[in-house]
Amino acid sequence: GKVHLLYRAMSQDNTSVCGYASSTDGMHFERSSTPAYVPRADFEMKRGDPNGNSGCEDARLTKIGDRIYICYTAYDGVHAPAVAIASIAEKDFLAQKWNAWSMPVLASPENTDDKDACLFPRTFDGKYLFFHRINGHICADYVDDLVFAKRVNRCIGVMGPRKGTWESEKVGIAGTPLETDAGWLMMYHAVSRDKHYALGAALLAKDDPTTVLARTMEPIFTVEEKYEKEGQIPNVVFCNGAVVRGDTLYIYYGGGDSVIGVATCSLSKLLGILTPRL
């Protein structure tokens, strides 16, 4: 009955961790006094500039069975950002036993700038599906297990930028796609030539989400408020997760890389835009 939120927080020396907050109504949150997830592995510990960026960024959660998986960008300040994955038992997550997280493993191809990742909450022909972003494109890999003893390397192309539009520079997933009767609803962020962020939506095939059935021509959510136009990085709306309650879609997002907000819309209306001829 609660909304559980892991949010990115940054210390004075620019180390990123994940804080925890919860809400009963989806709008008003109570924050924990301790972080839920902190850098632990060598590949996310700060190197180089002692005040440079490092740590655990842009987490996305997926529940598979009785475990909750976290996909996030691990960065040590020197090497290319890479996607790391860890997990925790659902009961430990709800009890806020943060020391119960498994040690993270890297999933990205080696020596590749990779981020914006998630796991799908179910398997497809016995394989798990992993979405991530390479060279500004959303790509995918089907994997046999979640141990990632072998890092992914196939990278199926799913969706890329569209030149001359609001999404001309790069695209990446927002939160973990949501399963609906029509298919998987995937919200995504995009960056224009003038470095403005916006959110779009796409519908993916139910049995093979690497197939895009439909995609919005225009953004569904753009920078408008002062706290989105200004901040550590201006003109940013960046979503890592969403929640459905009834017909309302709650979109949790970062504004200007400085604050967290929530926007709502009708789920059926959004799906209606994506499925007029399906």
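Described below are features of the structure shown in this document. (Residues numbered from 1 in each chain as written. Predicted model: local features only at pLDDT ≥ 70, side-chain atom pairs only at ≥ 80, totals over all residues. Heavy atoms only, no water.)

Broken down by element type, the chain carries three helices and 20 strands. For 278 residues, the compact-globule estimate of 2.2 N^0.38 gives 19 Å, and the chain sits close to it at 18 Å. If one aligns the C-alpha atoms of the chain with their principal axes, the spans along those axes are about 50 × 45 × 40 Å. Put simply, the chain has 278 residues, and 50% of those count as buried. Element-wise, carbon and sulfur atoms account for 48% of the exposed surface of the chain, whose accessible area totals about 13,300 Å². Each charge class in the chain can be summarised by its mean position, and for the 30 positive and 34 negative side chains these summaries are 1 Å apart. (Helix = DSSP H or I, 4+ residues; strand = E, 2+ residues; numbered from the N terminus. Rg over C-alpha atoms; globule rule 2.2 N^0.38 Å. Buried < 20%, exposed > 50% of the residue type's maximum accessible area, 1.4 Å probe, protein only. Areas by Shrake-Rupley, 256 points an atom, 1.4 Å probe, with all protein chains shown as cover. Lys, Arg positive; Asp, Glu negative; His and termini not counted. Charge placed at Lys NZ, Arg CZ, Asp CG, Glu CD.)

Within this structure, the stated rule accounts for 15 aromatic pairs. Measuring from ring centre to ring centre gives 6.0 Å for Phe120 and Phe124, while their planes differ by 75°; the resulting arrangement is edge-to-face. Take Phe120 and Phe124: they sit in the same class, and that class is buried. Every member of this aromatic cluster is reached through a ring pair, and the members are Phe120, Phe124, Phe131, Tyr142 and Trp184. (Phe/Tyr/Trp six-rings, centres within 6.5 Å; stacked < 30°, edge-to-face > 60°.)

A word on the sheet that holds strand β18 (residues 237–245). The three strands are arranged β18-β19-β20 in an open sheet whose pairing can be described as antiparallel. Since the sheet does not close on itself, it has two edges, and those belong to β18 and β20 (259–266), each with one partner. Averaged over neighbouring strand pairs, the angle between their axes works out to 25° when direction is ignored. Examined bridge by bridge, β18 and strand β19 (residues 248–255) share eight bridges and lie antiparallel to one another. Following the sheet pairing, Cys239 is matched in β19 by Tyr253. (Pairing = 2+ DSSP bridges. Axes fitted to C-alpha atoms, helices over the stretch in contact; angles between N-to-C directions.)

Our focus in this paragraph is the state of the cysteines. Applying the stated criterion to the full structure yields zero disulfides. For Cys71, which is in no disulfide, the shortest distance to another cysteine sulfur is to Cys118 and amounts to 6.5 Å. (Disulfide = S-S within 2.5 Å.)

Spatially, four strands are ordered β8-β9-β10-β11 in an open sheet, and the strand pairing comes out antiparallel. Every interior strand has two partners, whereas the edge strands, β8 (114–119) and β11 (156–159), have only one. The average undirected angle you get between the axes of adjacent strands in this sheet is 30°. Looking at chain direction, β8 and strand β9 (residues 128–134) are connected through four bridges and run antiparallel. Bridge pairing in β9 places Asp114 opposite Ile134.

In this section: the environment of Ala89. You can see Ala89 is positioned in strand β6 (residues 82–89). Note: C-alpha distance between Ala89 and Ala41 (48 residues apart in sequence) is 20 Å. Apart from the residues lying within four places of it in its own chain, the contact partners of Ala89 are Asp66 and Arg67. (Contact = heavy atoms within 4.5 Å.)

Evaluation of the coordinates by the stated rule reveals 11 salt bridges. One salt bridge connects Asp92 with Lys91, and the closest N-O pair in it is separated by 3.7 Å. (Salt bridge = Lys/Arg side-chain N within 4 Å of Asp/Glu carboxyl O.)

Where a protein is soluble and globular, its nonpolar side chains tend to be buried together. In terms of nonpolar packing, the biggest core is built from 20 residues, with Leu185 and Leu249 touching the most fellow members. Those elements that place two or more of their residues in this core are β14 (184–191), β15 (197–204), β18, β19 and α3 (267–274). The biggest single contributor to this core is α3, with four residues. (Core = buried A, V, L, I, M, F, W, Y, C linked by side-chain atoms within 4.5 Å.)

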